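Architecture at a glance
Listed here are the chains, written in short residue letters.
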Amino acid sequence: MTSRKIFVAGHRGLVGTAVSKALKGDPANTLINRTHAELDLEDFRATRQFFLEQRPDMVVMCAAKVGGILANNNLPVDFLHKNLRIQLSVFDAAYEAGVRRMIFLGSSCIYPRECPQPIKEEYLLTGPLEATNRPYALAKISGVESCWSFNRQYGTQYLAVMPTNMYGPGDNYHPEHSHVLPALIRRFHEAKLRGDREVVVWGSGQPRREFMYSADLGRAIQFLVELPDEQFAPLTDPSAAPLINVGVGEDVTIREAAMAVKTAVGFEGVLTFDASKPDGTPRKLLDVSRLHALGWRARMGLVEGLKNTYEDFIAHHA
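Criteria and thresholds
Residues numbered from 1 in each chain as written. Predicted model: local features only at pLDDT ≥ 70, side-chain atom pairs only at ≥ 80, totals over all residues. Heavy atoms only, no water. Pairing = 2+ DSSP bridges. Helix = DSSP H or I, 4+ residues; strand = E, 2+ residues; numbered from the N terminus. Axes fitted to C-alpha atoms, helices over the stretch in contact; angles between N-to-C directions. Contact = heavy atoms within 4.5 Å. Buried < 20%, exposed > 50% of the residue type's maximum accessible area, 1.4 Å probe, protein only. Left-handed = near helix turned anticlockwise from the far one by under 90°. Nonpolar A, V, L, I, M, F, W, Y, C, P; charged D, E, K, R; others polar. Core = buried A, V, L, I, M, F, W, Y, C linked by side-chain atoms within 4.5 Å. Salt bridge = Lys/Arg side-chain N within 4 Å of Asp/Glu carboxyl O. Expected span 1.5 Å × (residues − 1).

Strand order in the open sheet formed by six strands is 2-1-3-4-5-10, with parallel pairing between adjacent strands. Two strands in the sheet have a free side with no partner beyond their single neighbour: strand 2 (29-32) and strand 10 (243-246). In this sheet, adjacent strand axes meet at a mean angle of 25° when their direction is disregarded. Note that strand 4 (residues 101-105) and strand 5 (residues 157-163) share five bridges and pair parallel. In the sheet register, Met102 faces strand 5, and the bridge partner there is Tyr158. Where helix 5 (residues 134-154) meets the sheet, it contacts strand 4, strand 5 and strand 10, and its direction lies at approximately 155° from that of strand 5. Those strands touched by helix 7 (residues 214-225) are strand 1 (4-9), strand 3 (58-61), strand 4, strand 5 and strand 10, and its axis lies near 155° from that of strand 4.

Printed below as a string of structure tokens:
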């Protein structure tokens, strides 16, 4: 059994929590964690010192500035510059400290707005991005390019993993800055408590989205971390962008997702849609055939996942 010393950057977030939990399931993995208070990854000098002292074998890069449509619209500089600084800091420090294998977590929003469906990895940079999250997407695209550049120039094995829309226990339920499912959970819950007769959701409800339970992403990252070199190395071959999609392989409309949240929360009022508000990208369904071919598939269905997520919301956030 090969031991691994793994730094999970951003271990307290939705993705980082799920990744850490999955990796802890293997006794061969020794995890290194630092809170933001202990290590600001935007601080190049502190990040370099940390890497040179700890010398991890591997990095799983979950740390990022994230948020929903409203947050992306209101804070474009934050989403571009903070993510660029975090990525530059970690990539440079990791390479200097001798880290050969890294998994960089991106987002499906890196793909063009009007993308053929399902979205294959090779569709990256084939068309214009969705305007509402372009700064964030550009930062993440630069992370993909960093992985590719390090692999080409230095022979590293840095892999960019593009997950679909995430949800699950420990999500961000901020009323303005959260993603669609946690935002809906909070809105329906508060409407239920007030006895409201109606909940209004932004947009037409027609766009389609793919939603993955966070624990499934954690398992996917564990699967990739533990791949032997003969399977992992081809994913980072310098001849192509080192990019792999992670998703469930099916999507639902925003209306269907909102109805599923309404049921999970137990709200008995009416659900309506405000079509004057932006819809965002019409559809985002990832092609996950590359990951399926390696032998991994998602397990959690949306109904059960929302039930678990709402129970966590009640226990820790309500």
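It is worth spelling out the side chain of Thr132 at this point. By the element assignment, Thr132 lies in the loop between strand 4 and helix 5. Taking the relative accessible area as the measure of exposure, Thr132 reaches 11% and is therefore buried.

On to the sheet that holds strand 11 (residues 252-253), then. The three strands are arranged 11-8-13 in an open sheet whose pairing can be described as mixed. Each end of this open sheet is capped by a strand with a single partner; those strands are strand 11 and strand 13 (283-284). By the bridge criterion, two bridges tie strand 8 (residues 208-209) to strand 11 in an arrangement that is antiparallel. Note on strand 11: the bridge partner recorded for Arg209 is Val252.

Let us look at unusual backbone geometry. Gln117 connects to Pro118 through a cis peptide bond whose omega is -10°. Take Pro118: it is sitting in the loop between strand 4 and helix 5. Of note in this structure, Leu125 is not a glycine but carries a positive phi near 65°. Topologically, Leu125 is positioned in the loop between strand 4 and helix 5. Leu125 gets classed as exposed once you look at its relative accessible area, which sits at 60%.

Quick look at the packing of helix 2 (residues 44-54) against helix 4 (residues 76-96) now. Axis separation between helix 2 and helix 4 bottoms out at 9 Å; the angle between their running directions is 30°. When you trace helix 2 past helix 4, the crossing you get is right-handed. Mapping the contact onto sequence places Phe44, Thr47, Arg48, Phe51 and Leu52 in helix 2 and Arg85, Leu88, Ser89, Val90, Ala93, Ala94 and Glu96 in helix 4. Residue classes in the contact of helix 2 with helix 4 are distributed as seven nonpolar, two polar and three charged.

A few words on the nonpolar core. The biggest cluster of nonpolar side chains holds 41 residues, and the ones touching the most others in it are Phe7, Phe51, Val59 and Tyr111. If you list the elements that add at least two residues to this core, you get strand 1, helix 2, strand 3, helix 4, strand 4, helix 5 and strand 5. In this structure Val59 touches Phe7, Phe51, Val90, Ala94, Val99, Arg101, Met102 and Ile103, once residues within four positions along its chain are discounted. Counting residues in hydrophobic clusters, the runner-up holds 26 residues, among them Leu23, Val161, Met212 and Leu227.

The next subject is the pattern of salt bridges. Under the counting rule described, the total for this entry stands at 16 salt bridges. Here Asp26 makes a salt bridge to Arg4, at a shortest N to O gap of 3.7 Å. Linking Asp26 in the loop between helix 1 (14-24) and strand 2 with Arg4 in strand 1, this pair joins segments that are 22 residues apart in sequence. Each member of the pair, Asp26 together with Arg4, is buried. Where salt bridges share partners, they join Glu42, Lys82 and Arg85 into one cluster.

With that settled, consider the pairing of strand 3. Across the two faces of strand 3 the burial is the same, with Met58 and Val60 and Val59 and Met61 all buried. Note: strand 3 against strand 4, four bridges, orientation parallel. Bridge pairing in strand 4 places Met58 opposite Arg101.

Take the environment of Leu52 next. Tracing the backbone shows Leu52 in helix 2. Each C-alpha atom, one on Leu52 and one on Leu39, is 14 Å from the other, the two residues being 13 residues apart in sequence. Setting aside chain neighbours within four positions, we find Leu52 in contact with Glu96 and Ala97.

Okay, the environment of Val201 next. Residue placement: Val201 occurs in strand 7 (residues 198-202). Once the C-alpha coordinates of Val201 and Met259 are considered, the two residues, 58 residues apart in sequence, prove to be 11 Å apart.

End to end, helix 4 covers 30 Å across 21 residues, agreeing with the expected 30 Å (1.5 Å per residue, within 8%). Among the residues making up helix 4, those that are buried are Phe79, Asn83, Ile86, Gln87, Ser89, Val90, Phe91, Ala93 and Ala94. Structurally, helix 4 contributes buried residues whose contacts are with helix 2, strand 3, helix 3 (69-74), strand 4, helix 5 and strand 5. Backbone geometry just after helix 4 places Gly98 at a positive phi near 90°.

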